[in-house]
Amino acid sequence: IAGITQAPTSQILAAGRRMTLRCTQDMRHNAMYWYRQDLGLGLRLIHYSNTAGTTGKGEVPDGYSVSRANTDDFPLTLASAVPSQTSVYFCASKRTGDNEQFFGPGTRLTVL
Amino acid sequence: SQKIEQNSEALNIQEGKTATLTCNYTNYSPAYLQWYRQDPGRGPVFLLLIRENEKEKRKERLKVTFDTTLKQSLFHITASQPADSATYLCALDMKSNDYKLSFGAGTTVTVRA
């Protein structure tokens, strides 16, 4: 692994189903982020984690949850998916003290 | 309310010309401003960062200016090439927000050969 990986690449999901988007980084970055990107709205922060064991809410956290059991992994869970959660989801990470964020390739999620 | 606005229209330019993108913001006090490039189907990639006390920053054919009085950043791509075609995102980086980024919607640039 080099950088950030996300899985799955894309997914079609029935409304009401539970879904976990996976994110793994091998750069030993302390901070990790989940964004959603919708046409015309740009990237919006869902949840973040400044270090393993801590998480925080971003701009649009409702309907999503995260955990950060270790430095490398930061999964995003949709407990009961709704069509408005159709979006492209990006995971990112950052080294503490730096400003640059490194992004994963994204997961395209469609909720029907 | 807080707002970050980038060129609403896509930018189409001839190869060799300079592309100029704008990023205007209201009700933010960024410590830094970052620019990212995003290609279709890919995640954003960091290009440049400029601090609030810097007026201008350059990297190869890229130039960024930052005017905290006007609350505006300009991003220039000089001697543009078809390979510069992408969407460019500005992001505000604020100490008051624990250095979490707030992004604009992006401007899509197409460089014609």
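Everything in this summary refers to the structure shown in the same document. The numbering scheme is per chain: residues are counted from 1 as the chain's sequence reads. Chain letters start at A and ligand numbers start at 1, both assigned in the order the entries are written. With the structure being a predicted model, the display of local features is reserved for residues of pLDDT at least 70 and the display and counting of side-chain atom pairs for 80 or more, all residues being used for whole-chain, interface and lining totals. Note that the side-chain values use all heavy atoms of the structure and ignore hydrogens as well as water.

1. Details of the overall build of chain A
Strands are runs of DSSP state E lasting at least two residues, helices are runs of H or I lasting at least four, and both sets are numbered from the N terminus onward. Of regular secondary structure, chain A possesses 0 helices and 11 strands. Reading the helices (α) and strands (β) of chain A from amino to carboxyl end gives β-β-β-β-β-β-β-β-β-β-β. Relative to the 2.2 N^0.38 estimate, which gives 13 Å for 112 residues, the radius of gyration of chain A is 13 Å and therefore close to what a compact globule would have. When its C-alpha atoms are laid out on the principal axes, chain A stretches across 40 × 25 × 25 Å. Any residue under 20% of the maximum accessible area for its type is buried, any over 50% is exposed, and the rest in between are partly exposed; the area is computed with a 1.4 Å probe on protein chains only. Per-residue burial over chain A gives 49% buried out of 112 residues. By the convention used here, residues are in contact when the closest approach between their heavy atoms is within 4.5 Å. Long-range contacts, defined here as pairs at least 24 residues apart, represent 54% of the contacts in chain A between residues at least 6 apart. For chain A, the exposed surface amounts to about 5200 Å²; the carbon and sulfur share of it is 51%. Based on C-alpha atoms, the radius of gyration is set beside the globule rule, defined as 2.2 Å times the residue count to the power 0.38. In short, Shrake-Rupley with a 1.4 Å probe defines the accessible areas, and a residue's cover is counted only from the protein chains shown.

2. Overview of the state of the cysteines
Residue and element names in this part refer to chain B. Disulfides are defined as cysteine sulfur pairs within 2.5 Å. Applying the stated rule across the entire model yields 2 disulfides over all chains. Residue Cys23 pairs covalently with Cys90 via a disulfide, S to S 2.0 Å. Its S-S torsion of about 60° marks the bond between Cys23 and Cys90 as right-handed, since a negative value means left-handed. Taken together, the residues span a long stretch of sequence, with Cys23 in strand β3 (residues 19–26) and Cys90 in strand β9 (residues 86–93) at a distance of 67 residues. For Cys23, a relative accessible area of 0% puts it in the buried group.

3. Concerning the packing of aromatic side chains
Where two aromatic rings form a pair, the distance of their centres and the angle of their planes describe that pair. Aromatic pairs are defined between Phe, Tyr and Trp rings, using the six-membered ring for Trp, whenever the two ring centres lie within 6.5 Å; interplanar angles under 30 degrees are classed as stacked, those over 60 as edge-to-face, and all others as tilted. Considering all chains together, one arrives at 11 aromatic pairs over all chains under this definition. Look at Trp35 of chain B and Phe75 of chain B: their rings are 4.7 Å apart centre to centre, the planes differ by 25°, and that puts the pair in the stacked class. Of this pair, Trp35 of chain B sits in strand β4 (residues 32–38) while Phe75 of chain B sits in strand β8 (residues 72–77); the two residues are 40 residues apart in sequence, bridging distant segments of the chain. Just as Trp35 of chain B is buried, Phe75 of chain B falls in that class too. Grouped by ring-pair contacts, the aromatic residues Tyr33, Tyr35 and Phe103 of chain A together with Tyr36, Phe46 and Phe103 of chain B constitute a single cluster. A cation over a ring is seen here: Arg68 of chain A above Phe74 of chain A, with NZ or CZ 5.9 Å from the ring centre. Either the NZ atom of lysine or the CZ atom of arginine qualifies as a charge over a ring when it sits within 6 Å of the ring centre and within 35 degrees of the ring normal. Over the ring of Tyr48 of chain A we find Lys100 of chain B; its NZ or CZ atom is 4.3 Å from the centre of that ring.

4. Quick notes on the sheet that holds strand β1 (residues 4–7) of chain A
Residue and element names in this part refer to chain A. Here, a strand pair is defined by DSSP locating no fewer than two bridges between the strands. Spatial ordering of the open sheet is given by β1-β3-β8-β7, a layout of 4 strands whose pairing is antiparallel. What marks the edges here is a single partner per strand, and that holds for β1 and β7 (64–66). Strand-to-strand twist in this sheet, taken as the mean axis angle between neighbours without regard to direction, amounts to 20°. Note that β7 and strand β8 (residues 76–78) share 3 bridges and pair antiparallel. Pairing of Tyr64 across the sheet is with Leu78, part of β8. Note on geometry: axes are lines fitted to C-alpha atoms, helical ones only across the stretch in contact, with angles between N-to-C directions running from 0 to 180 degrees.

5. Remarks on the nonpolar core
What we call a nonpolar core is a set of buried Ala, Val, Leu, Ile, Met, Phe, Trp, Tyr and Cys residues that are connected through their side-chain atoms within 4.5 Å. Membership of the largest hydrophobic core comes to 25 residues, with the highest contact counts inside it found for Ile4, Leu21, Tyr25, Leu33, Trp35, Phe75 and Tyr88 of chain B. Secondary structure elements with two or more residues in this core: β2 (11–14), β3, β4, β5 (45–51), β7 (62–67), β8, β9 and β11 (107–112) of chain B. Of all hydrophobic cores here, the second largest spans 19 residues; its members include Trp34, Ile46, Phe74 and Ala81 of chain A.

6. Regarding the interface of chain B and chain A
Listed per partner, the contact involves 19 residues of chain B and 18 residues of chain A. In total, chain B and chain A occlude about 1400 Å² of area from one another, counting both sides; carbon and sulfur atoms represent 55% of this. In short, buried area is how much 1.4 Å probe accessible area vanishes from two parts on joining, totalled over both. Three residues, Pro44, Lys100 and Phe103 of chain B, lead the burial of chain B against chain A; their summed loss comes to 33% of the area buried on that side. Polar contacts, as counted here, are pairs of nitrogen or oxygen atoms within 3.5 Å of one another; within protein the pair requires one atom able to donate a hydrogen and one able to accept it, and residues that are adjacent in sequence qualify only if both atoms are side-chain atoms. Taken together, the links from chain B to chain A amount to 4 residue pairs in polar contact (both at pLDDT 80 or more). If you list the elements that add at least two residues to the side of chain B that touches chain A, you get β4, β5, β9 and β10 (101–103) of chain B. Take the side of chain B that touches chain A: its biggest share by element is 4 residues, from β4 of chain B. The classification used treats Ala, Val, Leu, Ile, Met, Phe, Trp, Tyr, Cys and Pro as nonpolar, Asp, Glu, Lys and Arg as charged, and all other residues, Gly among them, as polar. Broken down by class, the residue content of the side of chain B that touches chain A amounts to 10 nonpolar, 5 polar and 4 charged.

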